[in-house]
Amino acid sequence: MKISLTMFLTIILVNTVFSRAKIDSTIRDIKTASIGGVKFTAVLKVMPSEQAIFIKNESNHKTIKIGDRSLESAGISGIDFIDFNQDGYKDILIDYYTNVPGIQDLLLYDKNHKTFVKVKNFAQYPDAIHIHYSKYFYSYHRSGCADWDWDSDLFKIVNFKVVKIATISGRGCDRDDPDDKEETGVFIYKVKDAKGKLIKKLPITVIEKYKDWKWGFIRDYWKRHYLFFAQP
């Protein structure tokens, strides 16, 4: 029996509709990864009452849920498996829809228990970058005045919690207000027990020596000096 092109396309359309009907409409993203010989599937669901990430261990079929109470209030734009701390095991990075670029959460892989643990306060350190061959990271965020004022924090992760050890504060905004006494410049602080101590001040023009401007300065400074701040 011959089937016309119109009938053929109709059959495909009907099958497509029925297939889609079986799909969970709350699913926004699905990612899989093999970690230490174990396959994991991470599913992002956005439901009327909450958004959550379900992570299934395909070996023992156990599933953990990372829900609203432990995530940022902003909507999640996506999830991805990435070896963030370069320890040989993939972690899960969570991206958000926000007005501030680079807001993320991190679920580190716990190799001892073969599960994932959310890193406390990680979302407070946007655009975090790992310093190669070290256990240290640095972030970047705007601090006002159309990004002429900015900050970069150096930190490490201890027991699934961010520990800040230094800060670079760039202040490049022209101060038109005579009552605003804040200086322009690049101020570098060593942080211990959440208290910062100013150790160096540079002119704001120092960033002009770098091809990538302030981002080049930040990258170069932390790469060359992170071990100094790592000392007690």
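Fair warning: this is a prediction, and the values are worked out from it, not measured in the lab.

Novice: Before we move on, can you summarise the side chain of Thr-41 with the specific residues and values?
Specialist: Position of Thr-41 among the secondary structure elements: in strand β2 (residues 38-46). Among the polar contacts listed, one links the side chain of Thr-41 to the side chain of Glu-58, at a separation of 2.7 Å. What Thr-41 contacts, discounting residues up to four positions off in sequence, is Ile-30, Lys-31, Thr-32, Phe-54, Ile-55, Lys-56 and Glu-58.

Novice: So what's going on with the sheet that holds strand β8 (residues 115-118)? Residues and values would help.
Specialist: The antiparallel open sheet is built from 4 strands, whose spatial order is β5-β6-β7-β8. At either margin of the open sheet sits one strand with a lone partner, and together these are β5 (76-82) and β8. This sheet shows a mean twist of 25° between the axes of neighbouring strands, independent of strand direction.

Novice: Describe the pairing of strand β12 (residues 149-158), with residues and values.
Specialist: Of all 10 residues that make up β12, 8 are buried, and the element is covered over most of its length. In this sheet, β12 lies alongside strand β10 (residues 136-138) in antiparallel orientation, the contact comprising 3 bridges. Within the sheet, the bridge partner assigned to Tyr-136 lies in β12 and is Lys-156. Across 2 bridges, strand β11 (residues 141-142) lies against β12 in antiparallel orientation. From the neighbouring strand, His-141 faces β12, where its bridge partner is Asp-151. Taken together, β11 and the strand that follows it, β12, pair antiparallel across an intervening segment of 6 residues, in which Gly-144 is found at a positive phi of about 115°. Looking at chain direction, β12 and strand β13 (residues 161-171) are connected through 10 bridges and run antiparallel. Within β13, the residue paired with Asp-151 across the bridge is Ser-169.

Novice: Talk me through helix α2 (residues 213-230); I want residue IDs and the actual numbers.
Specialist: Taking 1.5 Å of rise per residue, 18 residues should cover 26 Å, and α2 covers 25 Å from first to last C-alpha, within 8% of that figure. At Arg-224, α2 is deflected by roughly 50°, the largest bend along its length. All of the buried residues in α2 are Lys-214, Gly-216, Phe-217, Ile-218, Tyr-221, Trp-222, Tyr-226 and Phe-229. Close packing links the buried residues of α2 with β10, β12, β13, β14 (185-192) and β15 (195-202).

Novice: I'd love a proper account of the sheet that holds strand β1 (residues 27-35), names of residues and values included.
Specialist: Hydrogen bonds along the backbone pair up the strands of a sheet, which may run parallel or antiparallel. The antiparallel open sheet is built from 4 strands, whose spatial order is β1-β2-β3-β4. Only two strands of the sheet have a single neighbouring strand rather than two, namely β1 and β4 (62-66). Adjacent strand axes in the sheet meet at a mean angle of 20°, parallel and antiparallel pairs treated alike. With 7 bridges connecting them, β2 and strand β3 (residues 51-57) associate as antiparallel partners. When the bridges of β3 are listed, Ala-42 appears paired with Ile-55.

Parameters and conventions
Numbering of residues starts from 1 in every chain and runs along the sequence as written. The predicted origin of the model limits local features to residues at a pLDDT of at least 70 and limits the giving and counting of side-chain atom pairs to 80 or more, whereas totals for whole chains, interfaces and linings rest on all residues. The side-chain values count all of the structure's non-hydrogen atoms but skip hydrogen atoms and water molecules. The helix count covers DSSP runs of H or I at least four residues long, the strand count covers runs of E at least two residues long, and both are numbered beginning at the N terminus. Pairs of N or O atoms within 3.5 Å make up the polar contacts considered here, provided that, within protein, one atom can donate a hydrogen while the other can accept it, and that residues adjacent in sequence are counted only when both atoms are side-chain atoms. For this analysis, residues touch if any pair of their heavy atoms sits within 4.5 Å. Pairs of strands are assigned from DSSP output, requiring at least two bridges between the strands. Fitting a line to C-alpha atoms yields each axis, with helices limited to the stretch in contact; the angle taken between N-to-C directions then spans 0 to 180 degrees. For every residue, the accessible area obtained with a 1.4 Å probe (protein chains only) is divided by the maximum for its type, and the residue is called buried under 20%, exposed over 50%, and partly exposed between those limits. For a helix, the expected span equals 1.5 Å multiplied by the residue count minus one. In this analysis the local bend is the angle between axes fitted, respectively, to the seven residues ending at and the seven residues starting at the residue.

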